[in-house]
Amino acid sequence: MAAIVSTHQLTKNYNGICRVNDVNMTVYEGDIYGFLGPNGAGKSTTLKMLLGLAKPTRGDVVIFGKNFIKNRQSILSNTGSLIESPSYYGHLTGLENMCIMQRLCNAPEKNIKKALHIVRLENQIKKQVKHYSLGMKQRLGIAMALINFPKLLILDEPTNGLDPNGIREIRELIKSLPQKYGITVLISTHLLSEIEQMATSVGIINDGNLLFQGSMDSLQGKSKSFVTIKSLNNQLAEKVLVSNNHTSFNIQNDCLVFSNTNDTDIADINTLLVNAGVQVIRIEEHRKSLEDIFLELTGRERSL
Ligand SMILES: Nc1ncnc2c1ncn2[C@@H]1O[C@H](COP(=O)(O)OP(=O)(O)O)[C@@H](O)[C@H]1O
Ligand SMILES: [Mg+2]
């Protein structure tokens with residue numbers, strides 16, 4: 001698959017402090033790439049460098065296979081973006097704002113209606129934008145970014161500050177873009193749940209370092225399951241298992257923990273234990289959640 005965005009050792013220092021460190025990011029065509037990281041991780045700085053809004057200290061940006069610096073104009077004319085909050089004229093209506101954008105971008109007039117339809121604002125176009133809710137303003141911002149039906153759409157935390165309903169609406173509209181309109185989406189967020197529900201690929205950034213990059217499936221593949229068995233006599237259980245050549249377990253918190261076992265193994269182990277007179281009181285399957293993986297990668301504690 002073709003890479004739509006690739007960066008090579010992209011680095012940004014602010015006041016001598018490295019905020020984005022040697023980032024090699026690859027976004028493939030048709031992806032919804034979730035760029036995930038806690039506040040201050042370097043997401044906005046990275047996205048600004050992709051759009052020429054911040055100058056890299058070091059490294060290259062290649063978009064649509066072309067070097068950004070040499071092809072800035074043609075790259076930007078095929079890229080829509082919403083970085084931080086949308087810019088609009090509050091005293092003008094949604095439609096008037098869209099018309100301004102359409103003329104600025106030299107986009108076909110019919111795109112106005114099409115973009116407003118995607119973000120489901122077609123019934124609100126005659127209202128002044130200052131009377132829009134936050135969610136409606138965000139959706140207008142996305143419609144403005146879509147005015148040219150770009151090949152690439154870059155959205156920086158587009159659901160920030162929205163209520164769950166607003167978040168869901170934006171998620172649904174983003175999910176429709178690659179298939180329906182052939183738009184590749186790069187979206188940043190600090191919310192794992194958002195990524196989980198819409199991204200096909202994920203990049204996890206923390207303190208300026210890209211810690212993980214890959215498909216959503218490969219991230220989920222890291223969440224291996226394990227089984228714990230609780231019995232009334234762990235010492236005896238251990239003896240029975242070892243003498244029957246079961247060694248892939250350890251004992252933690254009064255439980256036998258098995259990490260590389262399938263259902264048949266567990267059934268056999270249970271039979272062995274019961275036949276040897278060990279009273280088994282619980283067999284449980286556990287799975288590391290994506291949140292556990294994210295916290296492990298970013299070295300943060302789970303907050304309860
Ligand atoms: N223009 C700037 N000048 C100085 N420091 C900045 C500037 N922009 C961002 N930073 C710093 O860089 C770090 C990363 O910021 P940012 O990219 O906005 O993070 P994120 O978008 O992931 O929350 C933060 O510590 C922030 O304070
Ligand atoms: Mg940011």
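Parameters at a glance
Residues numbered from 1 in each chain as written. Chains lettered and ligands numbered in written order. Predicted model: local features only at pLDDT ≥ 70, side-chain atom pairs only at ≥ 80, totals over all residues. Domains from an automatic or database assignment. Pairing = 2+ DSSP bridges. Helix = DSSP H or I, 4+ residues; strand = E, 2+ residues; numbered from the N terminus. Axes fitted to C-alpha atoms, helices over the stretch in contact; angles between N-to-C directions. Contact = placed C-beta atoms within 7 Å. Near = placed C-beta within 6 Å. Nonpolar A, V, L, I, M, F, W, Y, C, P; charged D, E, K, R; others polar. Core = buried A, V, L, I, M, F, W, Y, C linked by C-beta atoms within 7 Å. Buried ≥ 20, exposed ≤ 12 C-beta atoms within 10 Å, placed from the backbone. Arc of directions from axis to C-beta. Parallel < 35°, antiparallel > 145°, perpendicular 65-115°, else oblique. Left-handed = near helix turned anticlockwise from the far one by under 90°. Right-handed = clockwise from strand over helix to strand, strands pointing away.

S.K.: Looking at this model, I keep getting lost on the domain arrangement of the protein chain. Mind explaining?
M.R.: Interfaces are frequently sized by the accessible area removed from exposure as the parts join. Looking at the protein chain, the domain boundaries give domain 1 (3-221) and domain 2 (225-287). For domain 1 versus domain 2, the distance between C-alpha centres works out to 49 Å.

S.K.: Looking at this model, I keep getting lost on the sheet that holds strand S15 (residues 280-287). Mind explaining?
M.R.: Backbone-to-backbone hydrogen bonds join strands into a sheet, with any given pair of strands oriented parallel or antiparallel. The four strands are arranged S13-S14-S12-S15 in an open sheet whose pairing can be described as antiparallel. Since the sheet does not close on itself, it has two edges, and those belong to strand S13 (249-252) and S15, each with one partner. Looking at each pair of strands side by side, their axes are set apart by 25° on average, direction ignored. With three bridges joining them, strand S12 (residues 225-231) and strand S14 (residues 255-258) adopt antiparallel strand pairing. Paired with valine 227 across the bridge in S14 is phenylalanine 258. Contacts between helix H9 (residues 234-243) and the sheet are confined to S12, S13 and S14, with S13 contributing the most and set at about 175° to the helix. Of the strands in this sheet, S12, S14 and S15 touch helix H10 (residues 263-275), which is tilted by about 160° from S15.

S.K.: I tried to follow the site of ligand 1 on my own but got confused; where do I start?
M.R.: As a structural note, the neighbourhood of ligand 1 is formed by Tyr14, Asn15, Arg19, Gly37, Asn39, Gly40, Ala41, Gly42, Lys43, Ser44 and Thr45. The leading source of residues in the shell around ligand 1 is helix H1 (residues 43-50), at three residues. Looking at the shell around ligand 1, its residues break down into two nonpolar, seven polar and two charged.

S.K.: Would you mind going over the sheet that holds strand S8 (residues 152-156) with me for this structure?
M.R.: One open sheet holds the six strands; their spatial order is S7-S8-S9-S4-S10-S11, and the pairing between them is mixed. The open sheet terminates on both sides in strands that have one partner only, identified here as strand S7 (79-82) and strand S11 (209-215). Across the sheet, the mean angle separating the axes of adjacent strands is 15° when strand polarity is ignored. Looking at chain direction, S7 and S8 are connected through four bridges and run parallel.

S.K.: Would you explain the nonpolar core in this entry?
M.R.: Within soluble globular proteins, side chains that are nonpolar tend to cluster in buried spots. If you look at the biggest cluster of nonpolar residues, it comprises 58 residues, and the most contacted ones within it are Ala115, Ala143, Val185 and Leu186. The contact partners of valine 185, leaving out residues within four places of it in the chain, are Ile32, Tyr33, Leu153, Leu155, Ile174, Leu177 and Pro178. Ile229, Phe249, Phe258 and Leu273 belong to the second largest nonpolar core, which has eleven residues in total.

S.K.: Can you help me understand helix H4 (residues 110-118) in this one?
M.R.: Since the α-helix turns once every 3.6 residues, residues separated by three or four places project in the same direction. Listing the buried residues of H4 in full gives Ile112, Ala115, Leu116 and Ile118. Seen along its axis, H4 keeps its buried residues to an arc of 155°; they face one direction. What points out from H4, more than 90 degrees from its buried face, is the exposed set Lys110 and His117. Residues of H4 that are buried in the fold lie against helix H3 (94-104), helix H5 (134-145) and helix H6 (164-181). One or two residues past the end of H4 sits arginine 120, with phi positive at roughly 55°.

S.K.: Sorry, what's going on with unusual backbone geometry here?
M.R.: Negative phi characterises most residues that are not glycine, and trans characterises most peptide bonds. At asparagine 15, a residue that is not glycine, the phi angle is positive and equals roughly 50°. In this structure, asparagine 15 sits in the loop between strand S1 (3-14) and strand S2 (17-23). Given 5 C-beta atoms within 10 Å, asparagine 15 falls into the exposed group. At phenylalanine 64, a residue that is not glycine, the phi angle is positive and equals roughly 55°. With respect to the element layout, phenylalanine 64 can be found in the loop between strand S5 (58-63) and strand S6 (66-67).

S.K.: When you look at the packing of H5 against H6 in this model, what are you seeing that I'm missing?
M.R.: For any two helices packed against each other, the geometry is given by the interaxial angle and the distance between the axes. Where H5 contacts H6, the two axes come as close as 10 Å, and the packing angle between them is 15°. Between H5 and H6, the interaxial angle falls into the category roughly parallel. Note on packing geometry: the crossing formed by H5 with H6 is right-handed. Residue-level contacts link Leu134, Gly135, Gln138 and Arg139 of H5 to Gly166, Glu169 and Ile170 of H6. Grouping the amino acids of the contact of H5 with H6 by side-chain chemistry returns two nonpolar, three polar and two charged.

S.K.: Mind showing me how you'd approach the pairing of S8 here?
M.R.: A regular strand places its side chains on the two faces of the sheet in alternate fashion. When you tally the buried positions in S8, you get five out of five residues, the bulk of the element. Taken together, the five bridges between S8 and strand S9 (residues 184-189) define a ladder with parallel strand orientation. Directly across from isoleucine 154, in S9, lies its bridge partner leucine 186. For the handedness criterion, the β-α-β arrangement of S8, H6 and S9 is classed as right-handed.

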